[in-house]
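Here is what each chain is made of, one letter per residue.
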Amino acid sequence: MFEKVNVYDLQLNPFQEIGKNWTLISAAVDGKVNTMTASWGNMGVLWGKEALTVYIRQSRYTKEFVDAQEYFTVSLFDEDKKKPLGLLGKKSGRDGDKIAEAGFHVTMVEGQPAFEESKMVFVCRKMYQADMPKAAMPEEAIKAYYPDDDIHTMYIGEIVACYVNK
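Right, let's walk through the structure included here. Quantities reported herein were computed from a predicted structural model and do not represent experimental measurements.

Describing the overall build of the chain
The helix and strand inventory of the chain stands at five helices and 10 strands. For 166 residues, the compact-globule estimate of 2.2 N^0.38 gives 15 Å, and the chain sits close to it at 15 Å. Taken over the C-alpha atoms alone, the chain extends approximately 45 × 40 × 30 Å along its principal axes. A burial count over the chain gives 43% of its 166 residues as buried. Residue pairs in contact within the chain that sit at least 24 positions apart in sequence constitute 73% of those at least 6 positions apart. Total accessible area on the chain is roughly 8,700 Å²; 50% of this is exposed by carbon and sulfur atoms. Within the chain, the 24 negative side-chain charges are centred at a point lying 3 Å from the centre of the 20 positive side-chain charges.

Structure below.
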């Protein structure tokens, strides 16, 4: 059961939650939900609003869902969910129901997709998006992360709601 909370009451380490435990970025289009695992992201304040930034490669199916909607969600999980999160990061929703295969269950919060197995979900309204310019990236980042030119799009979302799983 999810309970709405104020983001200023949260006690979390974004480095642990995003970089180590991983997240799911999700959106729904015409009743269909798609999600992807992410370990890159930022939290803070931008333009006077609480914000969450995510990065999605051009090739990802989830990008089509996020691009088509005003909202996306970012769900946080305990470290023991790494195996199903790994599956959700490797498989494409184009090829089947990877959410069911991972053993996760979709639930909706404020009309947006979340997961019963998550410990927290942020509902975000897109404020800004831009393709990351390869010309502005350091050469070592290009070599390490973009050998095939599958550049990320950066999405900055205003956090309009936060829910914790009680």
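Concerning unusual backbone geometry
Of note in the backbone geometry, D30 takes a positive phi value of approximately 50° without being a glycine. Secondary-structure assignment places D30 in the loop between β2 (23-29) and β3 (32-38). Classification of D30 as exposed rests on a relative accessible area of 80%. Phi is positive for W47, which is not a glycine, with a value near 55°.

Overview of the pattern of salt bridges
Counted by the stated rule, this structure contains 10 salt bridges. R94 is the salt-bridge partner of E64, the closest N and O atoms lying 3.2 Å from each other. Of this pair, E64 sits in helix α2 (residues 61-68) while R94 sits in the loop between α3 (82-90) and α4 (98-101), placing them 30 residues apart in sequence. The class for R94 is partly exposed, based on a relative accessible area of 46%. Taking the shortest distance from any N to any O, the salt bridge between K91 and E101 comes out at 2.8 Å. Here K91, found in the loop between α3 and α4, pairs with E101, found in helix α4; they are 10 residues apart in sequence, far enough to count as distant. Taking the relative accessible area as the measure of exposure, K91 reaches 38% and is therefore partly exposed.

Calculation notes
Residues numbered from 1 in each chain as written. Predicted model: local features only at pLDDT ≥ 70, side-chain atom pairs only at ≥ 80, totals over all residues. Heavy atoms only, no water. Helix = DSSP H or I, 4+ residues; strand = E, 2+ residues; numbered from the N terminus. Rg over C-alpha atoms; globule rule 2.2 N^0.38 Å. Buried < 20%, exposed > 50% of the residue type's maximum accessible area, 1.4 Å probe, protein only. Contact = heavy atoms within 4.5 Å. Areas by Shrake-Rupley, 256 points an atom, 1.4 Å probe, with all protein chains shown as cover. Lys, Arg positive; Asp, Glu negative; His and termini not counted. Charge placed at Lys NZ, Arg CZ, Asp CG, Glu CD. Salt bridge = Lys/Arg side-chain N within 4 Å of Asp/Glu carboxyl O.

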